[in-house]
Amino acid sequence: VDGSDHITSIALYDGQEIFTYVHGDNLRDFPLDIQAYELLISFNGKSFDLPFIERYFLMQLPQAHIDLRYVMRGLGYRGGLKAIEKTLGIERDELEGVDGYLAVLLWRDYVANNNPRALETLLAYNVADSVNLENLLVFAWNAHLQALPFGHEQLIPLPARPKIPWQADLATVERLVSRGAYFFE
């Protein structure tokens, strides 16, 4: 993290509630709030998210951590989070095709144009990342159990996806995409 890098937003889902933290609003609450958890689940968090968060907030995250990128690779699934979600049939609805690069553009649009729809779309995207990790974790758990004798007795049903309190604004997404050579996956 240099002086120009900062966290724009963080989404946290604990299986019950969704929390969001936004730069310039409540981001400073995150270091205290994250301490309530003993286990962190991420996708590529070991390589990117957690080190960035620790440097940004000048803190250590001592919690146990499951990085689903490596768990899914062990099951034969490669690629990014969105590609694996698509393979497994995990839906993103109106956020289909939105990726990390567009997330940066959404933040820039929010800041430059004071566009609340861009922020809402960014939060919807971040929350979708977080809540989809629960299904990915349960899928991985079940896949590993099925390889064990009597493992089928311990299978967990896939959880219902919680209602995401933010909606993507397709007009904002289309406007940002149309500004240049940006292609959806």
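Each value, and the rule that gives it
Residues numbered from 1 in each chain as written. Predicted model: local features only at pLDDT ≥ 70, side-chain atom pairs only at ≥ 80, totals over all residues. Heavy atoms only, no water. Helix = DSSP H or I, 4+ residues; strand = E, 2+ residues; numbered from the N terminus. Rg over C-alpha atoms; globule rule 2.2 N^0.38 Å. Buried < 20%, exposed > 50% of the residue type's maximum accessible area, 1.4 Å probe, protein only. Areas by Shrake-Rupley, 256 points an atom, 1.4 Å probe, with all protein chains shown as cover. Lys, Arg positive; Asp, Glu negative; His and termini not counted. Charge placed at Lys NZ, Arg CZ, Asp CG, Glu CD. Core = buried A, V, L, I, M, F, W, Y, C linked by side-chain atoms within 4.5 Å. Contact = heavy atoms within 4.5 Å. Phe/Tyr/Trp six-rings, centres within 6.5 Å; stacked < 30°, edge-to-face > 60°. Lys NZ or Arg CZ within 6 Å of the ring centre and 35° of its normal. Expected span 1.5 Å × (residues − 1). Polar contact = N/O pair within 3.5 Å; in protein donor to acceptor, adjacent residues only side chain to side chain. Axes fitted to C-alpha atoms, helices over the stretch in contact; angles between N-to-C directions. Parallel < 35°, antiparallel > 145°, perpendicular 65-115°, else oblique. Left-handed = near helix turned anticlockwise from the far one by under 90°. Nonpolar A, V, L, I, M, F, W, Y, C, P; charged D, E, K, R; others polar.

> Mind laying out the overall build of the protein, listing which residues take part and the relevant values?
Helix and strand content of the protein: seven helices and four strands. Helices (α) and strands (β) of the protein occur, in sequence order from the N terminus, as β-β-α-β-α-β-α-α-α-α-α. In terms of overall size, the protein behaves like a compact globule, its C-alpha atoms giving a radius of gyration of 17 Å where 185 residues would be expected to give roughly 16 Å. Referenced to the eigenvectors of the C-alpha coordinate spread, the extents of the protein come out at roughly 60 × 35 × 25 Å. Expressed as a percentage of its 185 residues, the buried residues of the protein come to 41%. Counting every atom, the protein has about 10,800 Å² of accessible surface; 54% of that belongs to carbon and sulfur. Of the side chains in the protein, 15 bear a positive and 25 a negative charge, and the two mean positions are spaced by 6 Å.

> So, the nonpolar core: which residues are in play, and what are the values?
Burial of nonpolar side chains together is a common tendency in soluble globular proteins. Core analysis: the largest hydrophobic core is formed by 24 residues, its most contacted members being L95, V98, L102, L119, L122 and Y125. Where this core is concerned, the elements lending two or more residues are strand 1 (9–13), helix 5 (100–113), helix 6 (116–146) and helix 7 (170–178). The element contributing the most residues to this core is helix 6, with nine residues. Among residues more than four places away in sequence, those in contact with L122 are T8, S9, A103, L106 and W107.

> Mind laying out the packing of aromatic side chains, listing which residues take part and the relevant values?
With the rule as written, the count across this model stands at six aromatic pairs. Between Y21 and F30, the ring centres sit 5.3 Å apart and the planes meet at 80 degrees, which makes this aromatic pair edge-to-face. Plain terms: the ring middles of Y56 and F57 are 5.0 Å apart, the flat faces sit at 90 degrees to each other, and that makes the pair edge-to-face. Among the aromatic residues, those joined into a ring-pair cluster are Y21, F30, Y56 and F57. Directly above the aromatic system of Y70 lies the positively charged group of K46, at a separation of 6.0 Å from the ring centroid.

> So, helix 6: which residues are in play, and what are the values?
Quick reminder: α-helices carry 3.6 residues per turn. Residues three or four places apart thus point the same way. Under the 1.5 Å per step criterion, the end-to-end length of helix 6 is 45 Å for 31 residues, consistent within 8% with the ideal 45 Å. The N-cap of helix 6, judged by a side-chain oxygen 2.9 Å from the amide nitrogen of R117 a few residues on, is N115.

> Before we move on, could you go through the packing of helix 5 against helix 6 and cite the residues and values that matter?
One can describe the packing of helix 5 onto helix 6 by two numbers: an axis separation of 7 Å at closest approach and a directional angle of 150 degrees. The orientation of helix 5 relative to helix 6 falls into the category roughly antiparallel. Seen from above, helix 5 lies across helix 6 with left-handed handedness. Counted together, G100, A103, L106, W107, D109 and Y110 of helix 5 and P116, A118, L119, T121, L122 and Y125 of helix 6 form the full contact between these two elements. Of the residues in the contact of helix 5 with helix 6, the class split is nine nonpolar, two polar and one charged.

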